[in-house]
Amino acid sequence: SPPNTLSADWISSNMIKLSWTAPDVIAEYLHINKSLISYRIKLEDYGVITDDFEITLTNLEPGTEYIIEARAFISEDITGGTQLPDSSPSIISVYTVPLPPQNLMCSPENVGEHSVDLIWDPPAKLIQADTLYYIVEYFSEGGAKQEHVVKDTE
């Protein structure tokens, strides 16, 4: 069986930290300890093998969707040279965080007593993901954090 609960625990503009739990069936079927299971992680043309339950993928592109597969397998060293097939994959789709907008500006003539007009340019390096919304965060007079979600760059 595939690794259980594959999840992205931390995502930035260029890194994704993944974790998972051991599969249920593979170790019980072969009567081996789950700690002897290895994991094959595949991301596009990149692949890595690990014995851990987590891995951090680095050097990724901002604002990009990644389809990541995790498969469980038992090394030939443990099976006495017999090559067993990998498990079916656990698959997760993760977008890296896009870069922030650029050239945030406010002109003095657009500042009111209770409002301000802001404009900005979209991030310079959007690879796959379109910017759906921007979140403008600010602190009110009383110090409370406020958020305003907008679609456009102003």
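Analysis parameters
- Residues numbered from 1 in each chain as written.
- Predicted model: local features only at pLDDT ≥ 70, side-chain atom pairs only at ≥ 80, totals over all residues.
- Heavy atoms only, no water.
- Helix = DSSP H or I, 4+ residues; strand = E, 2+ residues; numbered from the N terminus.
- Buried < 20%, exposed > 50% of the residue type's maximum accessible area, 1.4 Å probe, protein only.
- Contact = heavy atoms within 4.5 Å.
- Pairing = 2+ DSSP bridges.
- Axes fitted to C-alpha atoms, helices over the stretch in contact; angles between N-to-C directions.
- Core = buried A, V, L, I, M, F, W, Y, C linked by side-chain atoms within 4.5 Å.
- Salt bridge = Lys/Arg side-chain N within 4 Å of Asp/Glu carboxyl O.

**Thoughts on the overall build of the protein chain**
Point 1. Looking only at helices and strands, the protein chain has one helix and eleven strands in total.
Point 2. In the protein chain, the order of α-helices and β-strands from amino to carboxyl end is β-β-α-β-β-β-β-β-β-β-β-β.
Point 3. When burial is assessed residue by residue, the protein chain has 27% of its 154 residues classed as buried.
Point 4. Once local pairs closer than 6 in sequence are excluded, the contacts in the protein chain between residues at least 24 apart make up 51%.

**Structural notes on the environment of Phe 53**
Point 1. Of note, Phe 53 is situated in the loop between β4 (46–50) and β5 (54–57).
Point 2. Placed 32 residues apart in sequence, Phe 53 and Thr 21 show a C-alpha to C-alpha distance of 6.2 Å.
Point 3. Every residue in contact with Phe 53, bar those within four places of it in the chain, is listed here: Leu 18, Ser 19, Trp 20, Thr 21, Ala 22 and Tyr 39.

**Observations concerning the sheet that holds strand β7 (residues 90–95)**
In sheet architecture, strand pairing relies on hydrogen bonds along the backbone and comes in two forms, parallel and antiparallel.
Point 1. Ordered by their spatial adjacency, four strands build an open sheet running β4-β3-β6-β7, and the pairing between neighbours is antiparallel. Where the open sheet ends on each side, the last strands, each with one partner, are β4 and β7. Within the sheet, the average angular offset between the axes of one strand and its neighbour, ignoring direction, is 20 degrees.
Point 2. As paired strands, strand β3 (residues 37–43) and β4 are joined by five bridges and run antiparallel to one another. Bridge pairing links Arg 40 to Ile 49 in β4.

**A closer look at the sheet that holds β5**
Point 1. Spatial ordering of the open sheet is given by β1-β2-β5, a layout of three strands whose pairing is antiparallel. In the strand order of this sheet, the two ends are held by β1 (4–11) and β5, each with one partner. Averaged over neighbouring strand pairs, the angle between their axes works out to 20 degrees when direction is ignored.
Point 2. Here strand β2 (residues 16–21) runs beside β5; their pairing, made up of four bridges, is antiparallel. The residue of β5 that forms the bridge with Ile 16 is Leu 57.

**Overview of unusual backbone geometry**
Point 1. For Glu 44, which is not glycine, the phi dihedral falls at a positive 50 degrees.
Point 2. With respect to the helices, strands and loops of the structure, Glu 44 is situated in the loop between β3 and β4.
Point 3. Residue Glu 44 is classed as partly exposed on the basis of its relative accessible area of 48%.
Point 4. Of note in this structure, Asn 59 is not a glycine but carries a positive phi near 60 degrees.
Point 5. Along the chain, the position of Asn 59 falls in the loop between β5 and β6 (65–74).

**Overview of the nonpolar core**
Generally speaking, nonpolar side chains in soluble globular proteins are found buried as a group.
Point 1. In this structure, Ile 16, Leu 18, Trp 20, Tyr 39, Ile 41, Leu 57 and Ile 68 are the most contacted members of the largest nonpolar core, which totals 18 residues.
Point 2. Those elements that provide at least two residues to this core are β2, β3, β5, β6 and β7.

**Side note on the pattern of salt bridges**
Point 1. Summed over the entire model, instances satisfying the criterion amount to four salt bridges.
Point 2. When the shortest N-O distance is used, the salt bridge between Asp 86 and Arg 40 registers 2.7 Å. In this pair, Asp 86 is assigned in the loop between β6 and β7 and Arg 40 in strand β3, connecting sequence segments 46 residues apart.
Point 3. Residue Arg 40 is classed as partly exposed on the basis of its relative accessible area, which comes to 31%.
Point 4. One salt bridge in this structure joins Glu 69 and Arg 71, with 3.5 Å as the shortest N-O distance.
Point 5. Since its relative accessible area comes to 26%, Arg 71 is described here as partly exposed.

Keep in mind these numbers describe shape, not what the thing actually does.
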